[in-house]
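Spelled out, the chains give:
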Amino acid sequence: MRKKVIAGNWKMNKIATEANEFVDEVAAKVPEDKQVEAIVCAPFPFLAAIVDKTKNTNLKVAAQTMHYEESGAFTGEVSPTMLEDLGVSHVVLGHSERREYYNETDETVNKKTHAAFNHHLVPIVCVGETLEQREANETMDHVENQVTKALKGLSNQQVADTIIAYEPIWAIGTGKTATSDEANEVCAHIRQVIGKITSPETAEKVVIQYGGSVKPANIEELLAQSDIDGALVGGASLKSDSFLQLVEAGT
Ligand code: 13P
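Residues numbered from 1 in each chain as written. Predicted model: local features only at pLDDT ≥ 70, side-chain atom pairs only at ≥ 80, totals over all residues. Heavy atoms only, no water.

## Some details on the sheet that holds strand 4 (residues 90-93)
Adjacent strands of a sheet pair through backbone hydrogen bonds, lying either parallel or antiparallel. For the record, the criterion: Any two strands with at least two DSSP bridges between them are considered paired. Strands here mean DSSP runs of E at least two residues long; helices mean DSSP runs of H or I at least four residues long; both are numbered from the N terminus. With axes taken as lines fitted to C-alpha atoms, and helix axes fitted only over the stretch in contact, angles between N-to-C directions fall between 0 and 180 degrees.
In spatial order, the strands read 1-2-3-4-5-6-7-8; together these 8 strands close into a barrel with parallel pairing. When the angles between neighbouring strand axes are averaged without regard to direction, this sheet yields 25°. Pairing of strand 2 (residues 36-41) with strand 3 (residues 59-63) involves 4 bridges; the strand directions are parallel. Bridge pairing in strand 3 links Ala38 to Leu59.

Structure follows, in structure tokens:
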């Protein structure tokens, strides 16, 4: 049985007091449940304080991106070494907003997945199609390509430990959720693709999340699907009560 992973991606929201308040309200309430994992994906300036506040709780902490190099002349960037040193456990890679606005490519995502494993960080690798690609029937080929390139060169064990987030771009922040059938169909395809590049046993272990307008009202139906093992949530993860409801749905 795969565990459910609920991750709240705050994106570029909150100031420090709000971030701390959220964690104070949430961290102690995340259940100790081997079947559900709760993660906040916070902006860089808040990570150290949140890691500190979540020690001895079940709330995990992720960065929203990182560089693949360990150090060097990359002004403004944050390295995997820094995140590991801070005690961050997960890192979101290849979010569609990073791909669209910051030149993230399948090649850089692949370098970053390797860097994540070299620094004991669990990568949450985002894939997903645009509306144009969906309408042109290119969804399956597109996500297959993204997943294959992102995971290139990883060991089967590393692939098994990777979290994939399927986020159709047209469903992000739009209020339009893929129907649970539509979302499950793509997640099942992703699992098949992973089975082809590793082994069916490895693919069975991979946590595949859905993301795109997930909220307390639709999460249960999504999580009830055969191949959806959690959610990467933007807007509905910003309020502590709604985030806790999403986590609760995974228990
Ligand atoms: P929304 O939940 O706001 O649609 O955002 C989804 C997302 O991009 C999470 O990474």
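## Quick look at the packing of helix 1 (residues 16-26) against helix 12 (residues 240-249)
What counts here: Orientation labels follow simple angle bins: below 35 degrees gives roughly parallel, above 145 gives roughly antiparallel, 65 to 115 gives roughly perpendicular, and whatever is left gives oblique. Crossing chirality is assigned from the near helix's rotation relative to the far helix, an anticlockwise turn below a right angle marking it left-handed and a clockwise turn marking it right-handed. Should any heavy atoms of two residues lie within 4.5 Å, those residues are counted as being in contact.
Close contact between helix 1 and helix 12 brings their axes to 10 Å; oriented N to C, the two are set at 45°. What the angle tells us is that helix 1 and helix 12 run oblique. Seen along the crossing, helix 1 lies across helix 12 with a hand that is right-handed. For the pair helix 1 and helix 12, the contacting residues are Phe22, Glu25 and Val26 in the first and Ser240, Phe243 and Leu244 in the second.

## Some points on the packing of aromatic side chains
Short version of the rule: Aromatic contacts are taken between Phe, Tyr and Trp rings whose centres are within 6.5 Å, Trp giving its six-membered ring; a plane angle under 30 degrees counts as stacked, one over 60 as edge-to-face, and the others as tilted. Look at NZ for Lys and CZ for Arg. If either is within 6 Å of the ring centre and within 35 degrees of the ring normal, a charge sits over the ring.
As enumerated under the stated definition, the model contains 4 aromatic pairs in all. Ring geometry for Trp10 against Phe22: centres 4.9 Å apart, planes inclined by 80°, an arrangement best described as edge-to-face. A residue pair is termed long-range when its members are at least 10 positions apart, and Trp10 in the loop between strand 1 (4-9) and helix 1 and Phe22 in helix 1 qualify at 12 residues. Members of the aromatic cluster, each reached through a chain of ring pairs, are Trp10, Phe22 and Phe243. Geometry around Trp10 places Lys14 over its ring, the cationic atom sitting 5.1 Å from the centre. When the ring centre of Tyr102 is taken as reference, the NZ or CZ atom of Arg98 above it lies at 4.2 Å.

## A few points about the site of the ligand
To keep it simple, the criterion reads: Proximity criterion: a residue is near a molecule or strand once any of its heavy atoms comes within 4 Å of it. Whenever two N or O atoms come within 3.5 Å, that pair is a polar contact, provided that in protein one can donate a hydrogen and the other can accept it, and provided that, for residues adjacent in sequence, both atoms are side-chain atoms. Only the protein chains shown count as cover for residues, and all accessible areas are computed by the Shrake-Rupley method using a 1.4 Å probe. Ten residues, namely Ala, Val, Leu, Ile, Met, Phe, Trp, Tyr, Cys and Pro, are considered nonpolar, four, namely Asp, Glu, Lys and Arg, are considered charged, and the remaining ones, Gly among them, are considered polar.
Lining the immediate surroundings of the ligand are 13 residues, of which Lys11, Gly173, Ser213, Gly234 and Gly235 lie closest. Between an oxygen atom of the ligand and a side-chain N or O atom of Asn9, the distance comes to 3.0 Å. Measuring from an oxygen atom of the ligand, one finds a backbone N or O atom of Gly234 at 2.8 Å. For the ligand, the accessible surface in isolation is 310 Å², of which the surrounding protein chains cover 95%. Of the residues assigned to the shell around the ligand, the class counts are 4 nonpolar, 7 polar and 2 charged.

Just distances and angles here, no functional claims.
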